[in-house]
Amino acid sequence: MSKLKRNLLAISLVLLNGGATAEKVQSQTAVDAVTSKELTAIAEAAVTSETEVKVTGDVDAALKKTPLAPQYEAAVQNKLTKNKDVRAFLVNRGEGYTGVNTKLQVQNVQVNGNTATVDATERTEYGLRDPEMIKENKKYEYNLPHRFTFTLQNGQWMLASDKVLQGPDAEPDP
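(A) The nonpolar core, seen in detail. Residues Y72, F148, F150 and L159 are the most contacted members of the largest nonpolar core, which totals 22 residues. Elements with a minimum of two residues in this core: α1 (3-56), α2 (59-64), α3 (73-92), β2 (115-128), β3 (139-153) and β4 (156-164). With 7 residues, the top contributor of residues to this core is α1. Once residues lying within four places of it in the same chain are set aside, the contact partners of F150 are L39, I42, A43, N114, T115, A116, V118, W157, M158, L159 and A160. Counting residues in each nonpolar core, the second largest holds 8 residues, with V55, L128, Y142 and V164 among its members.

Now the structure itself:
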């Protein structure tokens, strides 16, 4: 066999192996995309419920807005209660929010066996109750980085924790 034929054969084998590897990675990515979408949906529903409680003060109503609540409620119960208290404090002062829009921008999703983490930035915008602020169409908005940790329980992803990474509610690493 000539040197040229051997090189072409070697290149063909590498390309064939590379093609098989690429196909395998694509199928894994499709599974990861589904998991990523599921984890993101749970995290976004959790944060949306938290911010909704600052507007309405109604924890039960915020949780009933999504069928995903059982997958995050236990992990964010303290935040829901805290946000209900924040709302009560603001209302006592004649302040508060008229509405809220919350979205997550995901930076990273990692799955390792039965645990997963999602690093994302919460982007929240509140309408303000103050008549002057309403008149001027002013809003209160912020971006807040989070690390969501999940565990797989009985085939279902459950939010274990929602750690705020920066800002006044940031939780220090142990």
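(B) Quick peek at the packing of aromatic side chains. Overall, the coordinates contain 5 aromatic pairs when judged by the stated rule. Seen from their ring centres, Y97 and Y126 are 4.0 Å apart, and the 25 degrees between their planes marks the pair as stacked. Taken together, the residues Y97 in strand β1 (residues 97-112) and Y126 in strand β2 connect sequence positions 29 residues apart. Taken individually, Y97 and Y126 each receive the classification buried, so the pair is uniform in this respect. Their ring planes at 50 degrees and their centres at 5.6 Å tell us that Y140 and Y142 sit as a pair that is tilted. Within the aromatic cluster, the residues linked to one another by ring pairs are Y97, Y126, Y140 and Y142.

(C) Representation of the environment of Y72. Note on placement: Y72 falls in the loop between α2 and α3. Excluding residues that lie within four positions of it along the chain, Y72 makes contacts with I42, A45, A46, S49, A62, L63, T66 and L159. Side-chain polar atoms of Y72 contact the side chain of S49, separated by 2.5 Å.

(D) Spatial organisation of the sheet that holds β3. Ordered in space as β1-β2-β3-β4, the 4 strands form an open sheet in which the pairing is antiparallel. The outermost strands of the open sheet, each flanked by one partner alone, are β1 and β4. Neighbour-to-neighbour, the strand axes of this sheet turn through a mean angle of 30 degrees, independent of strand direction. Here 8 bridges tie β3 to β4, and the two strands are oriented antiparallel to one another. Counterpart to Q153 in the pairing with β4 is Q156. On the sheet, α3 packs against β1 and β4 and is oriented at approximately 50 degrees with respect to β4.

Conventions adopted
- Residues numbered from 1 in each chain as written.
- Predicted model: local features only at pLDDT ≥ 70, side-chain atom pairs only at ≥ 80, totals over all residues.
- Heavy atoms only, no water.
- Core = buried A, V, L, I, M, F, W, Y, C linked by side-chain atoms within 4.5 Å.
- Buried < 20%, exposed > 50% of the residue type's maximum accessible area, 1.4 Å probe, protein only.
- Helix = DSSP H or I, 4+ residues; strand = E, 2+ residues; numbered from the N terminus.
- Contact = heavy atoms within 4.5 Å.
- Phe/Tyr/Trp six-rings, centres within 6.5 Å; stacked < 30°, edge-to-face > 60°.
- Polar contact = N/O pair within 3.5 Å; in protein donor to acceptor, adjacent residues only side chain to side chain.
- Pairing = 2+ DSSP bridges.
- Axes fitted to C-alpha atoms, helices over the stretch in contact; angles between N-to-C directions.

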